[in-house]
Amino acid sequence: PPTTRYREDPVRMLRAVRFAARLGFSIEPGTMAAIQKLHASIGRVSAERVRDELTRILTEGGARRGLELLEESRLLGDVLPEVRALREVEQPPEFHPEGDVWTHTLMMLDGLRPPVTTELAWGVLLHDIGKPGTFRRAPDRIRFDGHVELGLELARGILGRLRFSNEETERVLALIANHMRFMDAPRMRESTLKRFLRMERFDEHLELHRLDCQSSNGNL
């Protein structure tokens, strides 16, 4: 009985999501109902075990499906409430015809192809985490002034809560901090542009930017 198995070890609920996402399976209805009933018990699991399962969901393939199943199973609000807050946060349609921040993030995750580093996967997931808290409907359009700065603060809290190493945390934060700088590249002084291109693991910054563009206006 799934309720018995999940009470023994609640992390099995995250594994059900991971296996279904990676292998393209659906979760048997009785099993899904048990997860929906017991979802809050994931709070008994150590942060390290939750972190490892979430990272596997994001990096082993099927990351978009994994996030959708986390939401359907009600686990997302327990393990990543800040990510769940992306749902129904409108974006300016002239820049984001795809829809809200949740849809945009799912599309970016859908573009990840293994092998994916832990830092890039979490950078993609959290790059717009500051948008719900900075949403503003200005006279000209929807704006998210300061979303990078707030995103860095929220992401540091999430990564600390999940016991990421300092090195991993700083690399994810660097991806969030720099993801809006690419639009300024054509106007950068040559010396500034060279420093930008010399950033550690620049290929990951570039890949996040590519996914960001492909999952919004499509202009590369």
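These numbers come from a predicted model, not from an experiment. Residue numbers here run from 1 along each chain, matching the order of that chain's written sequence. Reporting of local features is limited, given that this is a predicted model, to residues whose pLDDT is at least 70; pairs of side-chain atoms are given and counted only at 80 or more, and all residues count toward the totals for whole chains, interfaces and linings. The side-chain figures draw on all heavy atoms in the structure; neither hydrogens nor water molecules are used.

For helices the rule is a DSSP run of H or I covering at least 4 residues; for strands it is a run of E covering at least 2, with both sets numbered from the N terminus onward. Within the protein one finds 14 helices and 2 strands. Taking 17 Å as the expected radius of gyration for a compact globule of 220 residues, we find that the protein reaches 18 Å, a close match to that expectation. The principal-axis extent of the C-alpha atoms belonging to the protein is close to 65 × 40 × 30 Å. Looking at the protein as a whole, 49% of its 220 residues qualify as buried. In what follows, residue pairs with any heavy atoms lying within 4.5 Å of each other are defined as contacts. Counted over contacts in the protein with a minimum sequence separation of 6, partners at least 24 positions apart contribute 69%. Just so you have it, the protein exposes about 10,900 Å², and 50% of that area is on carbon and sulfur atoms. Counting rule for charge: Lys and Arg are taken as positive, Asp and Glu as negative, and neither His nor the chain ends is counted. Working definition for charges: the position is that of NZ of Lys, CZ of Arg, CG of Asp or CD of Glu. Here the protein contributes 34 positively and 34 negatively charged side chains, and the mean placements of these two sets differ by 2 Å. Here the globule rule reads 2.2 Å times residues to the power 0.38, and the radius of gyration is calculated from C-alpha atoms. Think of it in three bands: residues with accessible area under 20% of the maximum for their type are buried, residues over 50% are exposed, and the middle band is partly exposed, with areas taken using a 1.4 Å probe on protein chains only. For the area figures, the Shrake-Rupley method with a 1.4 Å probe applies, and any residue is considered shielded solely by the protein chains shown.

Here we take up the nonpolar core. To form a nonpolar core, buried Ala, Val, Leu, Ile, Met, Phe, Trp, Tyr and Cys residues must be joined to one another through side-chain atoms within 4.5 Å. Within the largest apolar cluster, 56 residues are counted, with the highest numbers of intra-cluster contacts made by Leu54, Leu67, Leu80, Val83, Trp122 and Leu126. With sequence-adjacent residues up to four places away left out, Val83 is seen in contact with Leu67, Leu76, Trp102, Leu125, Leu126 and Ile129.

Between rings of Phe, Tyr and Trp, where Trp is taken as its six-membered ring, a pair exists when centres lie within 6.5 Å; planes separated by under 30 degrees are stacked, by over 60 edge-to-face, and by other angles tilted. Evaluated as defined, the whole model comprises 5 aromatic pairs. Ring geometry for Trp122 against Phe164: centres 5.2 Å apart, planes inclined by 75°, an arrangement best described as edge-to-face. One end of the pair, Trp122, is in helix α9 (residues 118–126); the other, Phe164, is in the loop between α11 (147–161) and α12 (166–178), with 42 residues separating them in the sequence. By relative accessible area, which is 9% here, Phe164 ends up buried. Ring geometry for Phe196 and Phe202: centres 5.6 Å apart, planes at 85°, overall edge-to-face. Each member of the pair, Phe196 as well as Phe202, is classed as buried. Should the NZ of a Lys or the CZ of an Arg lie within 6 Å of a ring centre and within 35 degrees of the ring normal, that charge is described as sitting over the ring. One cation-aromatic arrangement involves Lys131 over Phe144; the distance from NZ or CZ to the ring centre is 4.8 Å.

Right, let's talk about the pattern of salt bridges for a bit. Pairing is possible between side chains of opposite charge, provided their charged atoms come close. Note on definitions: salt bridges are taken to be side-chain nitrogens of Lys or Arg within 4 Å of carboxyl oxygens of Asp or Glu. If you walk through the whole model with that rule in mind, you get 28 salt bridges. Between Asp145 and Arg136 there is a salt bridge, with its nearest N and O atoms 2.5 Å apart. By relative accessible area, Asp145 is classed as partly exposed at 45%. Judged by its relative accessible area of 38%, Arg136 falls in the partly exposed class. Counted as one network, the salt bridges with shared partners bring together Arg15, Arg18, Arg22, Glu53, Arg56 and Glu60.

So, about the layout of surface pockets. Leftover empty space is mapped by rolling, across the atoms, a probe with the size of a water molecule. Cavity means a closed set of points on a 1 Å grid over the protein atoms alone, one where a 1.4 Å probe fits but cannot get out, pocket means an open set with protein on both sides within 12 Å along at least 5 of 7 lines, and lining means a residue has an atom within 4 Å of a point. Grid points are joined across faces, edges and corners, and a volume is the space filled by probe spheres set on the points. When its volume is computed, the largest pocket comes out at roughly 660 Å³. In terms of lining, the largest pocket is formed by 23 residues, of which the most central are Phe95, His96, Met180, Met183 and Asn217. The dominant element in the lining of the largest pocket, judged by the number of residues it contributes, is helix α14 (residues 202–214), at 5 residues. Gly is put with the polar residues, along with every residue not named as nonpolar or charged; the nonpolar set is Ala, Val, Leu, Ile, Met, Phe, Trp, Tyr, Cys and Pro, and the charged set is Asp, Glu, Lys and Arg. Here the residues of the lining of the largest pocket are counted per class, giving 9 nonpolar, 7 polar and 7 charged. Estimates place the volume of the second largest pocket at around 160 Å³. As for the second largest pocket, its lining consists of Ile42, Gly43, Val45, Ser46, Ala47, Val50, Asp78, Val79, Arg161 and Leu162. Elements with a minimum of two residues in the lining of the second largest pocket: α4 (47–59) and α6 (76–79). When its residues are assigned to classes, the lining of the second largest pocket shows 6 nonpolar, 2 polar and 2 charged.

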